[in-house]
Amino acid sequence: MASIVLRVRLVAGDRLDVTYEESAVADADEVLEHVVTTLASDAGLIRARHGDRMVILFGRGVAALEVAPRGAVL
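Description of the structure in this document.

This next bit is on the overall build of the protein. The helix and strand inventory of the protein stands at one helix and five strands. Traced from its N-terminal end to its C-terminal end, the protein shows the element sequence β-β-α-β-β-β. Relative to the compact-globule value of 11 Å for 74 residues, the protein shows a C-alpha radius of gyration of 11 Å, a close match. If you line up the protein on its principal axes, its C-alpha atoms span 30 × 25 × 20 Å. Taken across its 74 residues, the protein has 28% of its residues classed as buried. Long-range pairs, those at least 24 residues apart, make up 52% of the contacts in the protein between residues at least 6 apart in sequence. Just so you have it, the protein exposes about 5,000 Å², and 49% of that area is on carbon and sulfur atoms.

Put into structure tokens, the structure is as follows:
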């Protein structure tokens, strides 16, 4: 299982730090590619965690993604 921490910039200007996990993939680069591909599609959405909460991110509301080697502060 691989997980990555993303800083998501929303279209409204807000930003949000979330953790995304993919159980079928072991490499963080593949997880990132899956996130980008999913959010780029018209009906794309991902389920991620923000602290203890599950959040659903819709691609049409995301303006940018940032990935840092050490991740964002949650």
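This next bit is on the pairing of strand 3 (residues 45-50). With six bridges joining them, strand 3 and strand 4 (residues 53-58) adopt antiparallel strand pairing. From the neighbouring strand, Arg49 faces strand 4, where its bridge partner is Met54. The hairpin turn running from strand 3 into strand 4, its antiparallel successor, is two residues long, and Gly51 in that turn takes a positive phi close to 70°.

Moving on, we get to the pairing of strand 1 (residues 2-10). With eight bridges connecting them, strand 1 and strand 2 (residues 15-22) associate as antiparallel partners. Bridge assignment links Ser3 to a residue of strand 2, and that residue is Glu21. Hairpin connection, strand 1 to strand 2: the antiparallel pair is bridged by four residues, and Gly13 has positive phi, about 105°. Relative to strand 5 (residues 62-67), strand 1 is paired through five bridges, and the arrangement is antiparallel. Looking across to strand 5, one finds that Arg9 is bridged to Ala64.

Conventions we followed
Residues numbered from 1 in each chain as written. Predicted model: local features only at pLDDT ≥ 70, side-chain atom pairs only at ≥ 80, totals over all residues. Heavy atoms only, no water. Helix = DSSP H or I, 4+ residues; strand = E, 2+ residues; numbered from the N terminus. Rg over C-alpha atoms; globule rule 2.2 N^0.38 Å. Buried < 20%, exposed > 50% of the residue type's maximum accessible area, 1.4 Å probe, protein only. Contact = heavy atoms within 4.5 Å. Areas by Shrake-Rupley, 256 points an atom, 1.4 Å probe, with all protein chains shown as cover. Pairing = 2+ DSSP bridges.

Just geometry here; none of it tells us what the structure is for.
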